[in-house]
Protein chains: 4
Amino acid sequence: MAMLKKFRNLKSVENTGFGTNSNNTGGRFLNKDGKPNAIKRGVALADRYSWYHTMLQMPRGKFLLLLLCIYIFINLLFAGIYYLIGIDHLAGVNTGSSWKNFTEVFFFSAQTFTTVGYGRISPVGFMASAVSTFEAFLGLLSFAIATGLFYGRFARPQIHLRFSKNALISPYKGETALMFRMSPFKNNSLSEAEVQLTLAISTEENGKVVDKFFNLPLEIAKINILAMSWTIVHHINEKSPLYGFTKEDFANTDLELMAFIKAFDDVYSNSVIGRTSYHASEIVYGAKFRLMYHPSEDKRSTILDLDKLNVFDHVPLPASEAAAIAN
Amino acid sequence: MAMLKKFRNLKSVENTGFGTNSNNTGGRFLNKDGKPNAIKRGVALADRYSWYHTMLQMPRGKFLLLLLCIYIFINLLFAGIYYLIGIDHLAGVNTGSSWKNFTEVFFFSAQTFTTVGYGRISPVGFMASAVSTFEAFLGLLSFAIATGLFYGRFARPQIHLRFSKNALISPYKGETALMFRMSPFKNNSLSEAEVQLTLAISTEENGKVVDKFFNLPLEIAKINILAMSWTIVHHINEKSPLYGFTKEDFANTDLELMAFIKAFDDVYSNSVIGRTSYHASEIVYGAKFRLMYHPSEDKRSTILDLDKLNVFDHVPLPASEAAAIAN
Amino acid sequence: MAMLKKFRNLKSVENTGFGTNSNNTGGRFLNKDGKPNAIKRGVALADRYSWYHTMLQMPRGKFLLLLLCIYIFINLLFAGIYYLIGIDHLAGVNTGSSWKNFTEVFFFSAQTFTTVGYGRISPVGFMASAVSTFEAFLGLLSFAIATGLFYGRFARPQIHLRFSKNALISPYKGETALMFRMSPFKNNSLSEAEVQLTLAISTEENGKVVDKFFNLPLEIAKINILAMSWTIVHHINEKSPLYGFTKEDFANTDLELMAFIKAFDDVYSNSVIGRTSYHASEIVYGAKFRLMYHPSEDKRSTILDLDKLNVFDHVPLPASEAAAIAN
Amino acid sequence: MAMLKKFRNLKSVENTGFGTNSNNTGGRFLNKDGKPNAIKRGVALADRYSWYHTMLQMPRGKFLLLLLCIYIFINLLFAGIYYLIGIDHLAGVNTGSSWKNFTEVFFFSAQTFTTVGYGRISPVGFMASAVSTFEAFLGLLSFAIATGLFYGRFARPQIHLRFSKNALISPYKGETALMFRMSPFKNNSLSEAEVQLTLAISTEENGKVVDKFFNLPLEIAKINILAMSWTIVHHINEKSPLYGFTKEDFANTDLELMAFIKAFDDVYSNSVIGRTSYHASEIVYGAKFRLMYHPSEDKRSTILDLDKLNVFDHVPLPASEAAAIAN
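Residues numbered from 1 in each chain as written. Chains lettered and ligands numbered in written order. Predicted model: local features only at pLDDT ≥ 70, side-chain atom pairs only at ≥ 80, totals over all residues. Heavy atoms only, no water.

The next subject is the overall build of chain A. A tally of regular secondary structure across chain A gives 8 helices and 17 strands. Scored against the burial criterion, the 327 residues of chain A give a buried share of 60%. In chain A, once contacts between residues fewer than 6 apart in sequence are set aside, the share between residues at least 24 apart is 68%. When the accessible area of chain A is evaluated, it comes to approximately 13,300 Å², of which 57% is carbon and sulfur surface. (Helix = DSSP H or I, 4+ residues; strand = E, 2+ residues; numbered from the N terminus. Buried < 20%, exposed > 50% of the residue type's maximum accessible area, 1.4 Å probe, protein only. Contact = heavy atoms within 4.5 Å. Areas by Shrake-Rupley, 256 points an atom, 1.4 Å probe, with all protein chains shown as cover.)

Okay, here's the thing in structure tokens:
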């Protein structure tokens, strides 16, 4: 535990937004997808969720299925109402069994809600006409809302960026460095990309386990265009809280790296942000990323191999460092 | 009034946007919901309100009701026009009493406006056809506008954040501090949150009551992720305009704290802002917030109890301070 | 021309975006509404205008009229096509005179374009069916575009701010100051408002008239909340390029003040900008704005009288200054 | 190769986002339109493209054609389904040859999908009714998506800016400068425009060709309003990596200028960015841009001749510089 004492001299930061005792038993602060690992309680469900945020973040298939279910449900409801009013208030219905009658009013309801209005079946009585007048109104509003949701879903600025699954401890300038990398994977381009890296580490203080946070300085923290892959490098030198960490220390210490990136997406013309986290178990000690781009065959472009994002080779690390601390 | 003289030595700020004599008699500058407590006069109503801003800020139920009323009103209007043109210009009308005739043209109007167009009733004469041509056009434009309003309403970036109802004067590092806290309560997350705190205080100057404003420095004014609750702390030390205030001073002085927060919402991908204000009567002297988060049962997440946002305990404060000033 | 020599010693700025000889004969750089007073030539009309920008900036009435005209035009076009195909391809047409036939196909076209589709008239032949299939598609796309335009129009962040018509030279701290003011006039509120003021002045240099630009420092250039009126004050002291200007100098010199404001609108949750310009002829020498807000009757709010925005009183100015320069 | 040695003393930058060996054989880093010259591989096509980004960047004609094709395809599909169900489930069909029957169900499908629903043909059986109920739902959702796409396309903030095709080496203050210019060409105005210029140059280091990047300082890097043309000037003095470059050096060296501009568009109320690149072959040695604006006939406005954006005259350059280096 030599190195734990050591980094106590370094200034920890308090502006991460996480408390020092919020999560001191091995859980993550950030999930892998960058969302805070916190559960909210004490407010009503309706207050706790923004239905719009929920609809926006729902997977595509689920979202479409939900819309279909709502459509069927509303039509069943109105079919019920028309059925209660009586099918004699609807002209053109092919009467028959109760089931047949119900399907006819159901289809009439759908033709009204979607404003198709073939007119084979049409309302004649006052009640049926009034209900269908309201249903058509509701139908159009529903599709107005659906339009907004669709637009909200696909126009929502998202960072189309992938992070390497692992962070590596690699050789760097005769010492070591912590590295991970990221790459945009769609036909977008990101400008003025900026990364912040924070280390969360559980440590014992006066017999109590508390969490400490450190900002890790990066070799390059901001780039003009994020067109290719970008390898984030934190040089593990004397000023790093990770200085002197051995393979065993990485394995035994409860630490987490939280990465935050902000960039400007050209197509959305909007700032987008991304977050990810590397738990101690996702840090590979003694490894090096393989280069993931190379010139094209005609030597006029660059090829970016996105499937190599997390490809690395195990390499020995300079041994002097741990020894240096031991002395 | 010892402390009032005292803070005259501190530099007050003039860039709050509020005048020194705009509001010198006990009213608030900001309402609790963060809107300026000002009434605009001297412009026509239509100019003073942006109908779009009004529609966006209207409660949901009221908004839907308004749309329904507009729908009914427009149909009544067109029903009147068709009725005046004569129901013989409409084919398929089941004629009868005047009331029956009117309901038929009303429903025809609704079927046209919503573009359902069953066709049981259809226009045959030139006038009725021309009016229905225009009504269908108007109908589609109306739903186009409604679509825009719905989207504008739910896509409008809002800060889903709650503030504690009270601000507290709590013990802090052997002295005291002014504290209040806030917490996001929906499934959103806020990045790069930043708070500014301004004190407005009424004071007598040359026999005239004027308002003075002070920026209150905060222990942490910016955090990376606002995922948990965040307690804002203004240390009441020698540099604070509140230094030496006793319980009675807080009760008798006409002061107001104005808090302003700006953050980046991940789902909206947009900056959002929030404001609130604490009037002297909402500041509790000698109290401390109770911790509102704790590890989950399985120790892998953090639980945030949102109903504890304003829960505090009364505690004694260090007594030395007021005495220090008296000397 | 003493003062013209004088301000030659002051550093002029070159980053206004206007050239030094672009406009040296009395015209404005900015129009009163803040748009640059420049005419673009040498590109095709279609390239020079963004139709979307044009549609967004068009007055409301004109915009609605344009939509109606497009609607009528498209229906006339399709009516012509159906007429050429032959009205025998449409079932249910009440034939008669050519005019009557044409009106029938016109109304059929409208019923198709708006997707009302009563069905009294319906296509039977292949050609008429194919054309109506295309027309209904076109109709829906047109209303999709109209929806986008409506939303674009009312969701477009605009600064709801008025500027005083005149800028004044007022007494200020024993010397003089250039002042103008602005006020939000709708139910919006602006945060973090920031103003830049640039002076453009035509001056003779080596016998050639050139334009010089100066940034005018402001007493308060940024405020937290722009809830009330805001008076912009440029103190005319020794460091000001306007120092020593007499009433005659203001009248005879070709100068222009360009004001630029940027703020964050809470409802749009977006940055908004505004610009205006004061030509020499709009600067009133020796006048003072009248206070435009006062406490409400119940002393709990502030009343803002927007119709007083440009109300000022003529006042004498301290005389010493011009004399000081003469010496 | 004297000058290549020379600029090795200057500090190169590493935060461009391009690697030092990504593209060392004469290709560009940025294409002329500002998009990175990189090809992504190793992810599935569906993952590599954001369909929304693709739809937004597609030329207008192609986009409309695609929508029409989708419309026809969906109708063919549903026509097939109705045909399989049997045309006896549809009332009002004019039966005849298979082809005639198929066109009838195709047009019925279109009338359902667009919700025109004339009603001449209408579904009677359960299966046909159920399918048409689903088709009308799908139709409305499709037009909801189309609405979103249209809005997304025209509301997408784009920088309406043109760059001169060439960059020039012009005489400047007795030495030389690298210049290029840009001008907005639509009825928009850009505020707070900011330019960054980066030089990429291939050089030999230890027998290996590597790319080096330099930020080129600009005479004016930020302007208030980009209303007129803006000429970007990089003074080639001792601190410039281009200092001492002769005409032959420009011709023989593999260099590329990457320009990045960020501004705020008033109508979109949004930040917009633009990029372009000048390859060595697009740099004209010894030339000067012709002035592209002049006062209007009535001397009250400025005329901007956009067709002169790339008009320049060949001029001799001061000869002393190359000589100075040779010594």
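Having seen the model, we can carry on.
Residues and elements named next belong to chain D. In terms of burial, strand E10 (residues 230-236) is a largely internal element, 6 of the 7 residues being buried. One ladder, built from 7 bridges, connects strand E6 (residues 175-184) with E10; its direction is antiparallel. Across the sheet, threonine 176 pairs through a bridge with isoleucine 236, a residue of E10. (Pairing = 2+ DSSP bridges.)

Here chain A is partitioned into domain 1 (3-38 + 160-326) and domain 2 (47-155). Domain 1 of chain A and domain 2 of chain A are separated by 51 Å when their C-alpha centres are compared. (Domains from an automatic or database assignment.)

Moving on to helix H4 (residues 60-85) of chain A. An ideal rise of 1.5 Å per residue puts 38 Å on 26 residues; H4(A) measures up with 38 Å between its terminal C-alpha atoms. Residues of H4(A) that are buried make contact with helix H3 (51-57), strand E2 (90-91), helix H5 (98-113) and helix H6 (126-155) of chain A together with helix H6 (126-155) of chain D. (Expected span 1.5 Å × (residues − 1).)

Spatial ordering of the open sheet is given by E1(A)-E16(B)-E15(B), a layout of 3 strands whose pairing is mixed. Two strands in the sheet have a free side with no partner beyond their single neighbour: strand E1 (38-41) of chain A together with strand E15 (293-295) of chain B. Taking the axes of each pair of neighbouring strands and ignoring which way they run, one obtains an average angle of 25° across the sheet. Pairing between E15(B) and strand E16 (residues 302-305) of chain B: 3 bridges, direction antiparallel. When the bridges of E16(B) are listed, His294(B) appears paired with Ile303(B). (Axes fitted to C-alpha atoms, helices over the stretch in contact; angles between N-to-C directions.)

A few words on the relation of the copies chain C and chain D. Least-squares fitting of chain C to chain D yields an RMSD of 0.1 Å, with the transformation described by 0.0 Å of translation along the axis and a rotation of 90°. Taken together, the rotation and translation describe the operation of a four-fold axis. Different-surface contact between copies: only 8% of interface residues of chain C are shared with the interface of chain D. (Least-squares fit on C-alpha atoms with pLDDT ≥ 70 in both.)

What follows concerns the sheet that holds strand E1 (residues 38-41) of chain D. Across the sheet, 3 strands lie side by side as E15(A)-E16(A)-E1(D); this open sheet has mixed pairing. Of all the strands in the sheet, the pair left with one neighbour each is strand E15 (293-295) of chain A together with E1 of chain D. Across this sheet, the average inter-strand angle for adjacent strands is 25°, counted without regard to direction. For strand E16 (residues 302-305) of chain A and E1(D), the ladder comprises 4 bridges, and the chain directions are parallel. Of the residues in E1(D), the one forming a bridge with Asp305(A) is Arg41(D).

Burial of the side chains of strand E16 (residues 302-305) of chain C extends over both faces: Thr302(C) and Leu304(C) are buried on one face and Ile303(C) and Asp305(C) on the other. Counted along the chain from strand E15 (residues 293-295) of chain C to the antiparallel partner E16(C), the turn is 6 residues long, and its residue Lys299(C) has a positive phi close to 60°.

On the chain B side, the residues contacting the 73 residues of chain A number 62 residues. The junction of chain A with chain B conceals about 5,900 Å² of combined surface from both sides, 59% of it contributed by carbon and sulfur atoms. Taken together, chain A and chain B are joined by 2 salt bridges. Here Arg275(A) ties to Asp266(B) by a salt bridge, and the two come within 2.6 Å at their closest N and O atoms. (Buried area = accessible area lost by both parts, 1.4 Å probe. Salt bridge = Lys/Arg side-chain N within 4 Å of Asp/Glu carboxyl O.)

Turning next to empty space enclosed by the protein. Picture a little ball the size of a water molecule; that probe, rolled over the atoms, points out where space is still empty. In the structure shown here, the tally under the stated rule is 14 cavities of 30 Å³ or more. By volume, the largest cavity amounts to about 350 Å³. Around the largest cavity, the lining is made up of 20 residues, and of these Leu140(A), Thr147(A), Leu140(B), Leu140(C) and Leu140(D) lie nearest the centre. If you list the elements that add at least two residues to the lining of the largest cavity, you get H6 of chain A, helix H6 (126-155) of chain B, helix H6 (126-155) of chain C together with H6 of chain D. For the lining of the largest cavity, a count of residues per class yields 12 nonpolar, 8 polar and no charged. (1 Å grid on protein atoms, 1.4 Å probe; cavity = no way out; pocket = protein on both sides within 12 Å on 5 of 7 lines; lining within 4 Å. Points joined across faces, edges and corners; volume = space filled by probe spheres on them. Nonpolar A, V, L, I, M, F, W, Y, C, P; charged D, E, K, R; others polar.)

Let's shift gears to the pattern of salt bridges. Residues and elements named next belong to chain C. A full pass over the atoms with the stated rule returns 28 salt bridges over all chains. One salt bridge connects glutamate 104 with arginine 120, and the closest N-O pair in it is separated by 3.4 Å. Of this pair, glutamate 104 sits in helix H5 (residues 98-113) while arginine 120 sits in the loop between H5 and strand E3 (122-123); the two residues are 16 residues apart in sequence, bridging distant segments of the chain. Overall, the relative accessible area of 2% leaves glutamate 104 in the buried class.

A separate point is the packing of aromatic side chains. Here the distance between the centres and the angle between the planes together describe a pair of aromatic rings. Enumeration over the complete set of coordinates arrives at 89 aromatic pairs over all chains. Between Phe126(B) and Trp99(C) the ring centres are 6.1 Å apart and the planes differ by 40°, which places this aromatic pair in the tilted class. Remark: Trp99(C) occurs in helix H5 and Phe126(B) occurs in helix H6; the pair is interchain, linking two chains. For Phe126(B), a relative accessible area of 44% translates into the label partly exposed. Directly above the aromatic system of Phe264(B) lies the positively charged group of Lys262(A), at a separation of 4.7 Å from the ring centroid. Over the ring of Phe63(C) we find Arg153(C), and its NZ or CZ is 4.4 Å from the ring centre. (Phe/Tyr/Trp six-rings, centres within 6.5 Å; stacked < 30°, edge-to-face > 60°. Lys NZ or Arg CZ within 6 Å of the ring centre and 35° of its normal.)

Residues and elements named next belong to chain D. Topologically, serine 277 is positioned in strand E12 (residues 270-279). Classification of serine 277 as buried rests on a relative accessible area of 0%. Reaching out from serine 277, the side chain makes a polar contact with the backbone oxygen of leucine 30 at a distance of 3.3 Å. Within the structure, serine 277 has its side chain in polar contact with the side chain of glutamate 256 (distance 3.0 Å). When neighbours within four sequence positions are excluded, serine 277 is seen to be in contact with Arg28, Leu30, Asn31, Lys32, Glu256, Leu257, Met258 and Glu282. (Polar contact = N/O pair within 3.5 Å; in protein donor to acceptor, adjacent residues only side chain to side chain.)

Bring the parts together and some accessible area is lost; that lost area is often taken as the interface size. With 73 residues of chain C in contact, the opposing surface of chain D contributes 62 residues. Summing the contributions of chain C and of chain D, the shared interface buries around 5,800 Å²; its carbon and sulfur component is 59%. Our count for the contact surface shared by chain C and chain D stands at 2 salt bridges. At the junction of chain C and chain D, the tally comes to 9 residue pairs in polar contact (both at pLDDT 80 or more). Element by element, the count of residues in the side of chain C that touches chain D is highest for H6(C), at 17 residues. Classifying every residue of the side of chain C that touches chain D gives 32 nonpolar, 32 polar and 9 charged.

Angle between the axes and distance between the axes are the two parameters that describe a pair of packed helices. One way to put it is that H6(A) packs onto H6(D) with a least axis distance of 8 Å and a crossing angle of 50°. Viewed along their axes, H6(A) and H6(D) adopt a mutual orientation that is oblique. Two packed elements cross with a definite hand, and for H6(A) against H6(D) that hand is right-handed. Here Phe143(A), Ala146(A), Thr147(A), Phe150(A), Tyr151(A) and Phe154(A) of H6(A) lie close against H6(D), whose contacting residues are Phe137(D), Leu140(D), Leu141(D), Ala144(D), Ile145(D), Thr147(D), Gly148(D), Leu149(D), Tyr151(D) and Gly152(D). (Parallel < 35°, antiparallel > 145°, perpendicular 65-115°, else oblique. Left-handed = near helix turned anticlockwise from the far one by under 90°.)

Let us look at the relation of the copies chain A and chain B. Note on the identical chains: chain A maps onto chain B by a rotation of 90° and an axial translation of 0.0 Å, with an RMSD of 0.2 Å. Little of the interface of chain A is mirrored in chain B: 8% of its interface residues are interface residues there too.

Moving on: unusual backbone geometry. Residue Lys173(A) is not a glycine yet carries a positive backbone phi of 50°. Locating Lys173(A) in the fold gives a position in the loop between strand E5 (167-172) and strand E6 (175-184). In this structure Lys173(A) comes out as exposed when scored by relative accessible area, which is 64%. One non-glycine residue, Thr115(C), adopts positive backbone phi at about 60°. Using a relative accessible area of 2% as the deciding quantity, one classes Thr115(C) as buried.

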